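Residue-level structural notes
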Amino acid sequence: MKNYLKSAILSFFLVTLAFYSQAQTARDSAKVVSVDKFEKLISKKKNTLLDIRTPEEMKEGYISGAENLDFLAEDFSEKIETLDKSKTYLLYCRSGKRTAKAGAAMKAAGFKHVIMLDGGITAWKNEGKPTKD
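Right, let's walk through the structure included here.

So, how was this worked out
- Residue numbers here run from 1 along each chain, matching the order of that chain's written sequence.
- Local features in this predicted model are restricted to residues of pLDDT 70 or higher, and side-chain atom pairs are both shown and tallied only at a pLDDT of 80 or more, whereas totals for entire chains, interfaces and linings draw on every residue.
- Side-chain metrics rest on all non-hydrogen atoms present in the structure, leaving aside hydrogens and water.
- Secondary structure counts use DSSP, requiring at least four H or I residues in a row for a helix and at least two E residues in a row for a strand, with both numbered from the N terminus.
- Remark: exposure states derive from per-residue accessible area (1.4 Å probe, protein chains only) relative to the maximum for the residue type, with buried under 20%, exposed over 50%, and partly exposed in between.
- Accessible areas in this description were obtained via Shrake-Rupley with a 1.4 Å probe; residue shielding takes into account the shown protein chains only.
- Strand pairing is defined by DSSP finding a minimum of two bridges between the two strands.
- Pairs of residues are marked as contacts when any of their non-hydrogen atoms sit within 4.5 Å.
- By convention in these notes, a salt bridge is any Lys or Arg side-chain nitrogen within 4 Å of a carboxyl oxygen on Asp or Glu.
- Every patch collects residues that have over 30% relative accessible area and no salt bridge, joining them within 9 Å if they carry like charges and within 5 Å if they are nonpolar side chains (Val, Leu, Ile, Met, Phe, Trp, Tyr).
- Neither His nor the chain ends contribute to the count of charged residues, in which Lys and Arg are positive and Asp and Glu negative.
- All charge positions are set by atom: Lys at NZ, Arg at CZ, Asp at CG, Glu at CD.
- Only the six-membered ring of Trp is used, alongside the rings of Phe and Tyr, when aromatic pairs are assigned; centres must lie within 6.5 Å, and planes under 30 degrees apart are stacked while those over 60 apart are edge-to-face, with the rest tilted.

1. Description of the overall build of the protein
A tally of helices and strands in the protein yields 6 helices and 5 strands. Its helices and strands in sequence order give the protein the pattern α-β-α-β-α-β-α-β-α-β-α, from N to C terminus. By residue count, 35% of the 133 residues in the protein fall in the buried class. For the protein, the computed accessible surface area is about 8700 Å², with 56% contributed by carbon and sulfur atoms.

Structure (structure tokens):
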């Protein structure tokens, strides 16, 4: 009976710990949204749109109104520190991989509102949304 009780308590503890860990991760991570939702968020003037690809990639086409903040640049961390952490930032890259890393870095640096485009500009173009050259 004692072993059963110990196992039950241990199981409860592990489940509780796993649940808390998942809740904490969800709260600390940036939000990922669809192309349509991202487009609606862009239309709100208070939001800042950031293309985190390289300047060379941005020349291949970008979403109108986007500012370039190259995630691969050595000074990315220093540059995000100059941004207003209370504002909402909309991030995208080519496919979403760099955006996830940049979003995590921004959240870790204290940014409260970071929203990422699911699938990056590739998904944006696949949905027939406009880009600028």
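2. Details of the sheet that holds strand E5 (residues 113-117)
Spatial strand order, E1-E5-E4-E2-E3: 5 strands in an open sheet with parallel pairing. Edge positions in the open sheet fall to strand E1 (31-33) and strand E3 (67-68), since each of these has one partner strand only. Sheet analysis places strand E2 (residues 48-51) next to strand E4 (residues 88-92), joined by 4 bridges and oriented parallel. The partner of leucine 50 across the bridge, within E4, is leucine 91.

3. Some details on the side chain of threonine 54
Its location among the elements puts threonine 54 in the loop between E2 and helix H3 (55-58). By relative accessible area, threonine 54 is classed as buried at 14%. Setting aside its immediate chain neighbours within four residues, threonine 54 contacts Asn68, Asp70, Leu72 and Arg98.

4. Some points on the pattern of salt bridges
The tally for this structure, following the rule as stated, stands at 6 salt bridges. A salt bridge links arginine 53 to aspartate 51; the shortest N-O distance between them is 2.7 Å. With respect to class, arginine 53 is no different from aspartate 51; both count as buried. Across the pair arginine 98 and glutamate 57 runs a salt bridge, and its minimum N-O distance is 2.7 Å. Of this pair, arginine 98 sits in helix H5 (residues 97-108) while glutamate 57 sits in helix H3, and the two are 41 residues apart along the sequence. Arginine 98 gets classed as buried once you look at its relative accessible area, which sits at 13%. The exposure class assigned to glutamate 57 is buried, which follows from its relative accessible area of 15%. Where salt bridges share partners, they join Asp36, Glu39 and Lys129 into one cluster.

5. With respect to a positive patch on the surface
Taken together, Lys31, Lys37, Lys40, Lys44 and Lys46 make up a surface patch of like positive charges. Mapped onto the elements, lysine 37 comes out in helix H2 (residues 35-42).

6. Considerations on the packing of aromatic side chains
Tallying each qualifying case throughout the model produces 4 aromatic pairs. Look at phenylalanine 38 and tyrosine 92: their rings are 6.5 Å apart centre to centre, the planes differ by 85°, and that puts the pair in the edge-to-face class. Within this pair, whereas phenylalanine 38 is found in helix H2, its partner tyrosine 92 is found in strand E4, the two being separated by 54 residues in sequence. You can call tyrosine 92 buried: its relative accessible area is 0%. Ring geometry for tyrosine 89 against phenylalanine 111: centres 5.5 Å apart, planes inclined by 80°, an arrangement best described as edge-to-face.

7. Let's talk about the environment of lysine 79
Within the element layout of this structure, lysine 79 appears in helix H4 (residues 76-81). For the pair lysine 79 and leucine 69, spaced 10 residues apart in sequence, the C-alpha to C-alpha distance is 7.8 Å.

Nothing here speaks to function; it is geometry throughout.
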